[in-house]
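Here is what each chain is made of, one letter per residue.
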Amino acid sequence: MAVYTKKIKINTRERIEFVNITDEIRKAVRESGVQDGIVLINPMHITASVFINDNESGLLKDFKIWLEKLAPKEFDYNHHKTGEGNGFAHLWRTIMGRECTVSISNFELDFGPWEEIFYGEFDGQRDKIILIKVLGE
Amino acid sequence: MAVYTKKIKINTRERIEFVNITDEIRKAVRESGVQDGIVLINPMHITASVFINDNESGLLKDFKIWLEKLAPKEFDYNHHKTGEGNGFAHLWRTIMGRECTVSISNFELDFGPWEEIFYGEFDGQRDKIILIKVLGE
Amino acid sequence: MAVYTKKIKINTRERIEFVNITDEIRKAVRESGVQDGIVLINPMHITASVFINDNESGLLKDFKIWLEKLAPKEFDYNHHKTGEGNGFAHLWRTIMGRECTVSISNFELDFGPWEEIFYGEFDGQRDKIILIKVLGE
């Protein structure tokens, strides 16, 4: 059995940004040497998300418009009594999900034709870390 | 350590449909020979979901009504500028989640009394694949 | 390879309640003896959630207010035709997610500074079980 851990630093230019990290995950899977297993990918933060969807710029815009409707940035969140201003970002990350687990077969991500892995940043412009954990043989 | 991969084809009669796949997953777990471990289940598509909830027809209707409220089918999604008409389906899958990971104990799904595994199709009537990955010993 | 399963009983005082279970999970990881691997945590129920977010009381209040907006407790759910009154709880659990998988490194949860694990109960005041599954070496 092999277990491999990798941490990637990320610092987005925008406060809210989607970054396609599929190639980074593919690289980590190759480095792990795992032929058959799984890979877990998650941010080490609570206002960010790792999710799988379509690499289509219109859809990525739709996500932002839709999340703003479900949980507006400007709102009197109780969380803001601490001095924070990122209440919405905790809710957006909840909708988008924290983590993904992906099958590895023949040393590769076992993906359908349109699956791509995104890092969803909702309170960025500062150093963050994405954790990658590979298990298998 | 044992790793087992199985892919199931599915093609729903309706565009939007929930299919109880618990027995298919139980069968795959038995085939894997894994006594103690985990099983990951996910669609290989970005407009479908695998989730765990109650096998109750009223609740399954409620899910559809609720998802329509959170992300209407008829809406001017940016994604539709590509010629696609399934913007809502990407959002519905996001709410319902992409994947599930379930514990295996004594060669069986380690489930509570009401847990059932569903495939949620939001843009069907064409061939799709569900991936099952078993890890354990 | 090591596989370790633990089940924790929980019975919340309130019908809707968030319980920080991070220390319980840390304890289970130490008991497993796993140095490097993953831990899956999920409720064995369909009206409860395990999720990772900030241990800040204002934010936990915000979650309840927000979930009530997305899926009101008082609503004519089809699920209630069975005699049940917890339709909202199935939807809240869907938003918050069923399960989390967390990396283990050096015998510890491989967490960022603010990550904490919560059990989200949406139909409590009765015995429930949280399942913990550790895999690794």
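Since the model is a prediction, treat every value here as computed from it, not as a measurement.

Colleague: Summarise the pattern of salt bridges; cite the residues concerned and give the values.
Modeller: Applying the stated criterion across every chain, the model contains 33 salt bridges over all chains. In this structure, Lys-7 of chain A and Asp-110 of chain C form a salt bridge, with 2.7 Å as the shortest nitrogen-oxygen distance. Here Lys-7 of chain A, found in strand β1 (residues 2-10), pairs with Asp-110 of chain C, found in the loop between β6 (108-109) and β7 (116-121), and the two come from separate chains. The partner of Arg-26 of chain C in a salt bridge is Asp-23 of chain C, with the nearest N and O atoms 3.7 Å apart. Taken together, the positions of Arg-26 of chain C and Asp-23 of chain C, both in helix α1 (residues 22-32) and three residues apart, correspond to about one turn of that helix.

Colleague: An account of the relation of the copies chain A and chain B is requested, with residue identities and associated values reported.
Modeller: One copy of the chain maps onto the second through a rotation around an axis plus a translation along that axis. Least-squares fitting of chain A to chain B yields an RMSD of 0.0 Å, with the transformation described by 0.0 Å of translation along the axis and a rotation of 120°. Given the turn and translation reported, the copies of this chain are related as if by a three-fold rotation axis.

Colleague: Lay out a nonpolar patch on the surface with the relevant residues and their values.
Modeller: A surface patch of nonpolar side chains, amounting to about 210 Å² of accessible area, comprises Met-1 of chain A, Met-1 of chain B together with Met-1 of chain C. The residue Met-1 of chain B is located in the segment before β1 (2-10) in this model.

Colleague: So what's going on with the sheet that holds strand β4 (residues 48-53) of chain B? Which residues, and what values?
Modeller: Residues and elements named next belong to chain B. The three strands lie next to each other as β2-β7-β4, forming an open sheet whose pairing is antiparallel. Among the strands making up the open sheet, the edge pair consists of β2 (17-20) and β4. Ignoring strand direction, the axes of neighbouring strands in this sheet form an average angle of 30°. Pairing analysis gives six bridges linking β4 to strand β7 (residues 116-121), with the strands arranged antiparallel. Bridging from a neighbouring strand, Asn-53 pairs with Glu-116 of β7.

Colleague: Residue-level account of the side chain of Asn-78 of chain B, with values.
Modeller: Position of Asn-78 of chain B among the secondary structure elements: in the loop between α2 (57-70) and α3 (87-96). If near-sequence neighbours (up to four positions away) are discounted, Asn-78 of chain B is found in contact with Gly-58, Lys-61, Asp-62 and Ile-65 of chain A.

Colleague: Describe in detail the confidence of the model for chain A, supporting the description with residues and values.
Modeller: Model confidence for chain A is summarised by a mean pLDDT of 98, while 100% of its residues fall at 70 or above. Among the scores for the predicted complex, ipTM is 0.97 and pTM is 0.98.

Colleague: Go over unusual backbone geometry, please, and point to the residues and values.
Modeller: Phi at Asn-106 of chain A takes a positive value of approximately 50°, unusual for a residue other than glycine. Overall, the relative accessible area of 61% leaves Asn-106 of chain A in the exposed class.

Colleague: An account of helix α1 (residues 22-32) of chain B is requested, with residue identities and associated values reported.
Modeller: Residue and element names in this part refer to chain B. Among the residues of α1, Thr-22, Ile-25, Ala-28, Val-29 and Ser-32 are the ones counted as buried. Projected down its long axis, α1 shows its buried positions confined to an angular sector of 125°, all on one face. Away from the buried face of α1 by more than 90 degrees, exposed residues Asp-23 and Arg-30 are located. A positive backbone phi angle near 70° is found at Gly-33, which sits one or two residues after α1.

Colleague: Residues and numbers for the interface of chain A and chain C, please.
Modeller: Every contact between the two is made by 29 residues of chain A and, on the other side, 35 residues of chain C. Both sides of the chain A and chain C interface together cover about 2500 Å² of buried area, and 60% of this is carbon and sulfur. When the area that chain A buries against chain C is broken down by residue, the three leading residues are Met-1, Ile-46 and Asn-78 of chain A, summing to 20%. Applying the counting rule to chain A against chain C returns 14 residue pairs in polar contact (both at pLDDT 80 or more). Elements with a minimum of two residues in the side of chain A that touches chain C: β1, β3 (37-43), α3 (87-96) and β8 (128-136) of chain A. Examining the composition of the side of chain A that touches chain C, we find that five residues originate from one element, α3 of chain A, more than from any other. When the residues that make up the side of chain A that touches chain C are grouped by side-chain class, the tally is 15 nonpolar, nine polar and five charged.

Colleague: Residue-level account of the sheet that holds strand β4 (residues 48-53) of chain C, with values.
Modeller: Residues and elements named next belong to chain C. Strand order in the open sheet made by the three strands is β2-β7-β4, with antiparallel pairing throughout. Looking at strand neighbours, the two that pair on one side only are β2 (17-20) and β4, the edges of this open sheet. Between one strand axis and the next, the sheet turns through 30° on average, direction left out of account. Here four bridges tie β2 to β7, and the two strands are oriented antiparallel to one another. The residue of β7 that forms the bridge with Val-19 is Tyr-119.

Colleague: I'd like a rundown of the packing of helix α2 (residues 57-70) of chain A against α3 of chain B, residues and numbers included.
Modeller: The interhelical angle for the contact between α2 of chain A and α3 of chain B, taken along N-to-C directions, is 60°, at an axis separation of 11 Å. Between α2 of chain A and α3 of chain B, the angle is such that the two are oblique. Every pair of crossing elements has a handedness; the one defined by α2 of chain A and α3 of chain B is right-handed. From α2 of chain A, Leu-59, Phe-63 and Trp-66 of chain A reach across to α3 of chain B, where they touch His-90, Leu-91, Thr-94 and Ile-95 of chain B. By residue class, the composition of the contact of α2 of chain A with α3 of chain B is five nonpolar, two polar and no charged.

Colleague: Residues and numbers for the interface of chain A and chain B, please.
Modeller: Facing the 35 residues of chain A at the interface are 29 residues of chain B. For the chain A and chain B pair, buried surface summed over both sides reaches about 2500 Å², with 60% attributable to carbon and sulfur atoms. For the interface between chain A and chain B, the tally reads three salt bridges. In this structure, Arg-98 of chain B engages Glu-115 of chain A in a salt bridge whose closest nitrogen and oxygen atoms are separated by 3.0 Å. Taken together, the connections running from chain A to chain B amount to 14 residue pairs in polar contact (both at pLDDT 80 or more). Mapped by element, the contributors of at least two residues to the side of chain A that touches chain B are β3, β4 (48-53), α2, α3, β5 (100-105) and β8 of chain A. Among the elements that make up the side of chain A that touches chain B, the one with the highest residue count is α2 of chain A (nine residues).

Calculation criteria
- Residues numbered from 1 in each chain as written.
- Chains lettered and ligands numbered in written order.
- Predicted model: local features only at pLDDT ≥ 70, side-chain atom pairs only at ≥ 80, totals over all residues.
- Heavy atoms only, no water.
- Salt bridge = Lys/Arg side-chain N within 4 Å of Asp/Glu carboxyl O.
- Helix = DSSP H or I, 4+ residues; strand = E, 2+ residues; numbered from the N terminus.
- Least-squares fit on C-alpha atoms with pLDDT ≥ 70 in both.
- Patch = residues over 30% accessible without salt bridge, like charges linked within 9 Å, V, L, I, M, F, W, Y side chains within 5 Å.
- Areas by Shrake-Rupley, 256 points an atom, 1.4 Å probe, with all protein chains shown as cover.
- Pairing = 2+ DSSP bridges.
- Axes fitted to C-alpha atoms, helices over the stretch in contact; angles between N-to-C directions.
- Contact = heavy atoms within 4.5 Å.
- pLDDT = per-residue confidence, 0-100.
- Buried < 20%, exposed > 50% of the residue type's maximum accessible area, 1.4 Å probe, protein only.
- Arc of directions from axis to C-beta.
- Buried area = accessible area lost by both parts, 1.4 Å probe.
- Polar contact = N/O pair within 3.5 Å; in protein donor to acceptor, adjacent residues only side chain to side chain.
- Nonpolar A, V, L, I, M, F, W, Y, C, P; charged D, E, K, R; others polar.
- Parallel < 35°, antiparallel > 145°, perpendicular 65-115°, else oblique.
- Left-handed = near helix turned anticlockwise from the far one by under 90°.

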